[in-house]
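Single-letter residue listing:
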Amino acid sequence: MLPIEARGLVKRYGDITAVDHVDLTVGPGDVYGYLGPNGAGKTTSLRMLLGLIRPDEGSARLFGRDPLLEGARALDGVAGFVEAPRFYPYLSGRRNLELVAALDGDGAQYRIDEALETVDLADRAKDKVDGYSHGMRQRLGIAGALLRAPRLLLLDEPTTGLDPAGMRDMRALIRRLADQGMTVLLSSHLMGEVEELCDRVAIVGNGRVLYEGALRELIASAAARYELRTTDDVHAAEIAREFGEVDEIAGGLSFAGDERTAAELSVALGQAGVGLTALVPHAPTLEELFFEMTEGPR
Amino acid sequence: MSTVAVPHAATATERPPRRPGVRAVYRWELRKLLAQKRTFIGLGSALAVPLIFVVALLADSSGGPDGLPFGALVRETGFAVPLVCLAFGAFWLLPLITALVAGDIVATEDQNGTLKTILTRSVDRWHVFAGKVLAALTYTAAVLFAYVGVALVAGGLIWGFDPLTTLSGTQIGPGRALVLTGLGTLAYLLPMAAIASIGLLLSTLTRNSAAAVVGTLMVSIFVQIIGSISALDALDPYLLSTQFNAWQGILREPTDWDPILRSAWVCALYALPALGWALTTFLRRDVAGG
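Cut-off values and rules
- Numbering of residues starts from 1 in each chain and follows the order in which that chain's sequence is written.
- Note on labels: chains are lettered from A, ligands numbered from 1, in written order.
- pLDDT decides what is reported in this predicted model: residues at 70 or higher carry local features, side-chain atom pairs at 80 or more are listed and counted, and totals for whole chains, interfaces and linings draw on all residues regardless.
- Each helix is a run of DSSP H or I of at least 4 residues and each strand a run of E of at least 2, with the numbering of both proceeding from the N terminus.
- Here exposure depends only on C-beta density: within 10 Å of a residue's C-beta, 20 or more other C-beta atoms make it buried, 12 or fewer make it exposed, and intermediate numbers make it partly exposed, the C-beta atoms being placed from the backbone.
- Once C-beta atoms are placed from the backbone, any two residues with those atoms within 7 Å are in contact.
- Remark: nonpolar core denotes a set of buried Ala, Val, Leu, Ile, Met, Phe, Trp, Tyr and Cys residues whose joining runs through C-beta atoms within 7 Å.
- One bridge is not enough; two strands pair if DSSP finds at least two bridges between them.
- For helices, the fitted line uses only the C-alpha atoms of the stretch in contact; every axis is such a line through C-alpha atoms, and the angle between N-to-C directions lies from 0 to 180 degrees.
- Crossing handedness is defined as follows: a turn of the near helix away from the far one that is anticlockwise and smaller than a right angle gives a left-handed crossing, while the clockwise case is right-handed.
- Note that Gly is not counted as nonpolar here; it falls among the polar residues with everything else outside the nonpolar set of Ala, Val, Leu, Ile, Met, Phe, Trp, Tyr, Cys and Pro and the charged set of Asp, Glu, Lys and Arg.
- What pLDDT expresses is the predictor's confidence in each residue, scored from 0 to 100.
- How far each domain reaches was decided by an automatic or database domain assignment.
- In a helix, the anticipated span is given by 1.5 Å times the number of residues less one.

Moving on, we get to the overall build of chain A. From N to C terminus, chain A includes 11 helices and 13 strands. Out of the 298 residues belonging to chain A, those deemed buried represent 45%. Long-range contacts, defined as pairs at least 24 residues apart, comprise 67% of the intrachain contacts of chain A with a sequence gap of at least 6.

Time to look at the overall build of chain B. Helices and strands together make up the secondary structure of chain B, namely 11 helices and 2 strands. Moving toward the C terminus, one meets the helices and strands of chain B in the order α-α-α-α-α-α-α-β-β-α-α-α-α. Looking at the 290 residues of chain B, the share that counts as buried comes to 47%. Within chain B, residue pairs in contact and separated by at least 24 positions form 77% of the contacts whose partners lie at least 6 positions apart.

Looking now at the nonpolar core. What tends to happen in soluble globular proteins is that the nonpolar side chains get buried as a cluster. V184 and L186 of chain A together with A136 and L200 of chain B are the most contacted members of the largest nonpolar core, which totals 161 residues. If sequence neighbours within four positions are ignored, L186 of chain A has contacts with V31, Y32, G33, Y34, L155, P158, I174, L197 and C198 of chain A. One finds L228, A236, V246 and F255 of chain A within the second-largest nonpolar core, a separate group that totals 9 residues.

On to unusual backbone geometry. The peptide bond linking E253 of chain B to P254 of chain B adopts the cis configuration, its omega dihedral lying at -5°. For P254 of chain B, the location among the structural elements is in the loop between α10 (240–243) and α11 (258–284). Backbone geometry at F63 of chain A places phi at a positive 50°, although glycine is not the residue there. Within the secondary structure, F63 of chain A is located in the loop between β4 (57–62) and α2 (67–70). In this structure, A149 of chain A takes a positive phi of about 45° despite not being glycine. As for its position among the elements, A149 of chain A is in the loop between α5 (134–146) and β6 (152–156).

Turning our eyes to something else, we now look at the pairing of strand β12 (residues 252–256) of chain A. All names here are of chain A. As paired strands, strand β10 (residues 225–230) and β12 are joined by 4 bridges and run antiparallel to one another. Across the sheet, the residue bridging to L228 is L253, located in β12. Relative to β12, strand β11 (residues 246–249) runs antiparallel, the two sharing 4 bridges. Pairing of I249 across the sheet is with G252, part of β12. What sits between the antiparallel neighbours β11 and β12 is a turn of 2 residues, in which G251 has the positive phi angle 80°.

Within a sheet, neighbouring strands are paired by backbone hydrogen bonds and run either parallel or antiparallel to one another. All names here are of chain A. On the basis of which strands lie adjacent, the open sheet formed by 4 strands has the order β11-β12-β10-β13 and antiparallel pairing. What marks the edges here is a single partner per strand, and that holds for β11 and β13 (276–282). Neighbouring strand axes in the sheet, compared pairwise and without regard to direction, differ in orientation by 25° on average. With respect to the sheet, helix α10 (residues 259–271) is in contact with β10, β12 and β13, its orientation differing from that of β13 by roughly 170°.

Residues and elements named next belong to chain B. Two numbers describe how helix α4 (residues 93–102) lies on helix α9 (residues 209–228): the axes approach to 8 Å, and their chain directions differ by 145°. Seen from above, α4 lies across α9 with right-handed handedness. On α9, the residues that touch P95, L96, A99, L100 and A102 of α4 are V213, T216, L217 and S220. Per-class residue counts for the contact of α4 with α9 are 7 nonpolar, 2 polar and no charged.

Next up on the list: the sheet that holds strand β8 (residues 200–205) of chain A. Residue and element names in this part refer to chain A. The 6 strands are arranged β5-β6-β7-β3-β8-β9 in an open sheet whose pairing can be described as mixed. A strand with exactly one partner marks an edge of an open sheet, and here the two such strands are β5 (78–81) and β9 (208–214). Across the sheet, the mean angle from the axis of one strand to that of its neighbour is 10°, orientation sign disregarded. Bridge analysis of β8 against β9 gives 6 bridges, and the strand direction is antiparallel. Paired with V204 across the two strands is V209, which belongs to β9. Sitting on the sheet, helix α1 (residues 42–49) is in contact with β3 (31–35), β6, β7 (183–188) and β8, with an inclination near 150° to β6.

Another aspect to go through is the pairing of β3 of chain A. Residue and element names in this part refer to chain A. Across the 5 residues of β3, 5 count as buried, placing the element largely inside the fold. Both faces of β3 are covered, namely the face carrying V31, G33 and L35 and the face carrying Y32 and Y34. Where β3 lies against β7, 5 bridges are found, and the strand directions are parallel. Counted as the bridge partner of Y34 is S187 from β7.

Attention now moves to the confidence of the model for chain B. Residues and elements named next belong to chain B. Here chain B averages 92 in pLDDT, and 93% of its residues register 70 or above. Counted against residues more than four places away or in other chains, residues 9–13, with its pLDDT under 50, gives 17 contacts. Model confidence for the complex is summarised by a pTM of 0.88, with the ipTM given as 0.87.

Below, the discussion takes up the domain arrangement of chain A. When the parts of a complex come together, some accessible area is lost, and that lost area is often taken as the interface size. According to the domain assignment, chain A contains domain 1 (4–219) and domain 2 (225–282). For domain 1 of chain A and domain 2 of chain A, the distance between their C-alpha centroids amounts to 46 Å.

A separate point is the interface of chain A and chain B. At the junction of the two partners, chain A supplies 45 residues and chain B supplies 38 residues. Elements with a contribution of two residues or more to the side of chain A that touches chain B: α3 (93–104), α4 (112–118), α5 and α6 (164–179) of chain A. Residues belonging to the side of chain A that touches chain B are distributed by class as follows: 24 nonpolar, 7 polar and 14 charged.

Residue and element names in this part refer to chain A. Within the secondary structure, I112 is located in helix α4. Using a count of 22 C-beta atoms within 10 Å as the deciding quantity, one classes I112 as buried. Between the alpha carbons of I112 and L146 there is a distance of 8.6 Å; along the sequence they are 34 residues apart.

Locating T114 of chain B in the fold gives a position in helix α6 (residues 114–119). With near-sequence residues (within four places) excluded, T114 of chain B lies in contact with R86, F87 and Y88 of chain A together with E109 of chain B.

The next thing to look at is α1 of chain A. All names here are of chain A. Judged by how many residues are buried, α1 sits mostly within the fold: 8 of 8 residues are covered. Taken together, the buried positions of α1 are occupied by K42, T43, T44, S45, L46, R47, M48 and L49. Two residues or fewer after α1 comes G51, characterised by a positive phi angle close to 75°.

Moving on to helix α2 (residues 37–59) of chain B. In this model α2 of chain B runs 31 Å from its N-terminal to its C-terminal C-alpha over 23 residues, within 8% of the 33 Å that 1.5 Å per residue would give. Taken residue by residue, α2 of chain B has G42, A46, P50, F53, V54 and L57 of chain B as its buried positions.

Here it is as structure tokens:
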């Protein structure tokens, strides 16, 4: 049973199609990045997965269960939050967790101490949430999710608004949860974060999925480039053109090709008497791919 | 956040989970109410107003509230005091106190974004709604009994728990007066519950606490205005404001059940469609924002 299987999800708000026929397939153990600029429909998709809003078309299943048809049962083994996690400001952090644990049942209340320790909030658990910083609320949100002992964790931009140390700690926590076998769907607009944490990605723009698949394949599929510096750029460019596309860049040439063509080119340059001072591989970053997909080639 | 082990991820899901329901929601709705200022503003007003009334009576050596049932008896027996308080509480005080919580209980979670927090746990939407309805009704009953109770105690301490003259002119002893006051308060709870249901409906529809509280009070006052238009007298038996007088049937000998029975179904005609509308809205709504 797949943790997430969404088919043809559509959500419209008036004339605006926030989510436009989105398919998502998240397998067990995936750390899945749902990547897109703000307003791409990431949060709306997550809300539909959690049964908070109704899709206009399509359906979502979590471990084979549709939240629209099965209500809370569809969320068994699933936890997470959309946008910033929200709690009752007039209750303490611990009371808030006690409340959601009571609505979880299944021994969730016995996990409160452990969850508070995990997110490093045990010291502040007695304080009202009203006085919590954004980062603390974010961590309390994770603690609240852990009470459900989830097999699938849905996180909506969990590092947004955190300071650099908070971001690092949050990513380390997600990494550890994933290492324990939890499936994670992480929405983000931060490429570095997705590159660091995720093995599979869906890239969305304007409500549509532009790419879905393994991150490694995505990066590998994009043509690599080499930066080339030689003793005679004019001659080198002529030779390189026989192997692939060449651009002139400041101080040298940029050459599109894989490792094999790079090796062949270096031999050809040597035979032609052109000295090679630098041959630097330059793999496309997720960021470049992302912008290419969401905004078109630059 | 970097050293401690994470709660066991996959173990708990294998055994069949015991599912929480309305009771879990209800218990926590009450705890939430007990942690909020507005609850105590409402409850405090319900306790303060009868005391202010008693003090006002003490400050004046003679006379009482004219035109209200039992108004002429307030200095004769403490039992008359809560009954007079019931009569004047109907105009806006008790509807307002009821609306304060019923109008807020759904909308405030919309505004704070906490609705999504509780709707992504293991309870279904109807559990959450039913828990909230029960909590709002519990608060309404608590406020009403606190209001009557403090009036009774204050009145009794000052003017004694002496026999009461019923609306039929008969005399009843303190024991019976106490029982009838309790029963009358229960009858009074019917229109209060209808007001609470309207508050819950507006709370669900408007998603705005202030609008729902004010709206509920407006509905209550609007109904009273219709009741005071003599050209519309034919409507009176079916107005909510009329049901606020039904309790007086209890304070007659023999008991006049007609207004109470009518109050029961008229109030149900207000409350049940309001709750049904609110429930279907709550079940189908998109929980966005927050």
